[in-house]
Amino acid sequence: MNQILSVNKNNKGKQKVEITKIVKIFAIVLIVFATIMIAIVATSIYKKQKEERDNSKIPQVNMEQENNKIKISITHDKVIDRILYNWNNGEENTLYGMGKNSLEEYVDLIEGTNTLNIKVIDSEGQETSYNKEFIAEGIDLQGPEIEMILEGTELKIVANDDEGISNLKYSINEAQSIEVPITGEDKTKMETRISVTKGENTVSIIATDINQNTTVKEQTFKGATKPKIELFKDGGNLLVVITDEEGIKDLECVLNEQVYTKEINDKKVEFTCPLKSGINVVKIKVTNINGLVADADGTCEYNP
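Residues numbered from 1 in each chain as written. Predicted model: local features only at pLDDT ≥ 70, side-chain atom pairs only at ≥ 80, totals over all residues. Heavy atoms only, no water.

Structural notes on the overall build of the protein chain
Selection criterion: What counts as a helix is a DSSP run of H or I of at least four residues, what counts as a strand is a run of E of at least two, and both are numbered from the N terminus. Exposure categories follow from relative accessible area, calculated using a 1.4 Å probe and restricted to protein chains: below 20% of the type maximum is buried, above 50% is exposed, and the middle band is partly exposed. Contact definition: two residues touch when any of their heavy atoms are within 4.5 Å. Only the protein chains shown count as cover for residues, and the accessible areas themselves come from Shrake-Rupley with a 1.4 Å probe.
Looking only at helices and strands, the protein chain has one helix and 19 strands in total. The buried share of the protein chain, taken over its 304 residues, is 30%. Contacts in the protein chain between residues at least 24 apart in sequence constitute 55% of all its contacts with a sequence separation of at least 6. Carbon and sulfur atoms form 49% of the exposed surface of the protein chain, whose accessible area is close to 20000 Å².

Concerning the sheet that holds strand S8 (residues 145–151)
Filter applied, for reference: Any two strands with at least two DSSP-identified bridges between them are counted as paired. In this analysis, axes come from line fits to C-alpha atoms, helices being fitted only over the stretch in contact, and the angle between any two N-to-C directions falls in the range 0 to 180 degrees.
Strand order in the open sheet made by the three strands is S8-S9-S12, with antiparallel pairing throughout. Sheet topology places S8 and strand S12 (189–195) at the edges, where each strand pairs with a single neighbour. Averaged over all pairs of adjacent strands, the angle between strand axes in this sheet comes to 20 degrees, irrespective of strand direction. Two strands pair when backbone bridges link them, and strand S9 (residues 154–160) and S12 are joined in this way by seven bridges, in the antiparallel orientation.

Here we look at the pairing of strand S15 (residues 228–234)
For S15 and strand S16 (residues 237–255), the ladder comprises seven bridges, and the chain directions are antiparallel. Within S16, the position partnered with Glu230 by the bridge is Val241. Connecting S15 to the antiparallel partner S16 that follows it, the hairpin turn spans two residues, and Gly235 within it adopts a positive phi of roughly 65 degrees.

A word on the sheet that holds strand S6 (residues 112–122)
Taken in spatial order, the four strands of this open sheet run S4-S3-S6-S7, and their pairing is antiparallel. Each edge of the open sheet carries a strand with a single partner, namely strand S4 (93–96) and strand S7 (127–136). The mean angle between the axes of side-by-side strands here comes to 20 degrees, regardless of whether they run parallel or antiparallel. Where strand S3 (residues 80–87) lies against S4, four bridges are found, and the strand directions are antiparallel. Each residue of the ladder has a partner; that of Ile83, found in S4, is Leu95.

Notes on the confidence of the model for the protein chain
Parts of the prediction with low pLDDT should not have their coordinates interpreted in detail. Threshold: Scored from 0 to 100, pLDDT reflects the predictor's confidence in each residue.
Chain-level pLDDT for the protein chain is 84 on average; 88% of the residues reach the 70-or-more range. Low pLDDT, under 50, characterises residues 1–8; the predicted model gives this stretch zero contacts beyond four residues in sequence or across chains.

Concerning the side chain of Thr192
Inspection of the secondary structure puts Thr192 in strand S12. Beyond its immediate stretch of four places on either side in the chain, Thr192 contacts Leu155, Lys156, Ile157 and Val180.

Things to note about the nonpolar core
Inclusion rule: Here the nonpolar core consists of buried residues drawn from Ala, Val, Leu, Ile, Met, Phe, Trp, Tyr and Cys, with membership extended through side-chain atoms lying within 4.5 Å.
Core analysis: the largest hydrophobic core is formed by 18 residues, its most contacted members being Met63, Ile70, Ile72, Leu116 and Ile118. Those residues in contact with Met63, other than ones at most four positions away along the chain, are Ile70, Lys71, Ile72, Leu116, Ile118, Tyr130, Asn131, Lys132 and Phe134. Membership of the second largest hydrophobic core comes to 17 residues, among which are Ile242, Val269, Cys273 and Ile284.

Some thoughts on unusual backbone geometry
A positive phi angle, near 70 degrees, is found at Gln212, a position not held by glycine. Following the sequence through the fold, Gln212 ends up in the loop between strand S13 (199–209) and strand S14 (214–223). Backbone geometry at Asn256 places phi at a positive 55 degrees, although glycine is not the residue there. Residue classification places Asn256 among the partly exposed residues on the basis of a relative accessible area of 26%.

Observations concerning a nonpolar patch on the surface
Our working rule: Exposure above 30% relative accessible area and the absence of a salt bridge qualify a residue for a patch, where like charges join within 9 Å and nonpolar side chains (Val, Leu, Ile, Met, Phe, Trp, Tyr) within 5 Å. When a carboxyl oxygen of Asp or Glu is within 4 Å of a side-chain nitrogen of Lys or Arg, the pair counts as a salt bridge.
On the surface, a nonpolar cluster with roughly 570 Å² of combined accessible area is contributed by Ile28, Val32, Phe33, Ile36, Met37 and Ile40. Position of Met37 relative to the elements: it lies in helix H1 (residues 2–56).

Some remarks on the pattern of salt bridges
In the structure shown here, the tally under the stated rule is ten salt bridges. Across the salt bridge formed by Asp108 and Lys69, the nearest N and O atoms sit 2.4 Å from each other. With Asp108 in strand S5 (residues 102–108) and Lys69 in strand S2 (residues 69–75), this pair connects stretches of sequence that are 39 residues apart. Two residues, Glu154 and Arg193, come together in a salt bridge whose shortest N-O distance is 3.8 Å. In this pair, Glu154 is assigned in strand S9 and Arg193 in strand S12, connecting sequence segments 39 residues apart. Glu154 gets classed as partly exposed once you look at its relative accessible area, which sits at 32%. On the basis of relative accessibility, which here comes to 42%, the residue Arg193 falls in the partly exposed class.

Right under this line is the structure:
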């Protein structure tokens, strides 16, 4: 039995050695695994930080649809020199940064499926391009129709929109805009009249419908004055003097139901008509080359 017990003691020693080796190997494996995991996590953090640093060096652009417009929001850590944008690689529009590093711009949405392209150029000349597709179906994208009609010394402004007009403004020769009150039940058609002064006048109209579609129209008109009519009694005649700064086109004079007409291309005209004894009734109508009409009527007593 002593021999058997001796054998058992030796086996226990061997088991202890083997367990110690296993623990050491397991510990080494854990250390290696932990090292690998730490390296993976560190690499991931580094990449994320690098990506964030890289992203901070390029413009951040956001394009979102708001009703019938696209809102473009741009921020950058550098000053923005300018922004170029277009639909479907068509006509390019430019928005200047004006020394800022953040900008917002609203672009009109167009019907169908279209791609909005944006290029941001910073103060160092670096260019970054973006694009996004937008789909517009069943949306009112048509702005109001504007018409301007010169009638004498007045300009008639008409704005039409099937959905309704919400705002109408005009300005003359870049003066402060004047808002036209939107009145009446029918908002689909708005009219107003404004006076046009002498000389060239540039009239700008801005009309917006209830869906925020806007139309801008600018047109130049030449304001003019009406002809000037003067009547004098010259012995037994009526002396008629007509002047116009732009030029007289034609005139009609009715004296005691006797009609006198003339076609003229001059800035001043004088003529006489014989008076009868007693009360003479006269009516005169003159048209200048701009289509403006002046009228005069009265009586003249003649006692020879």
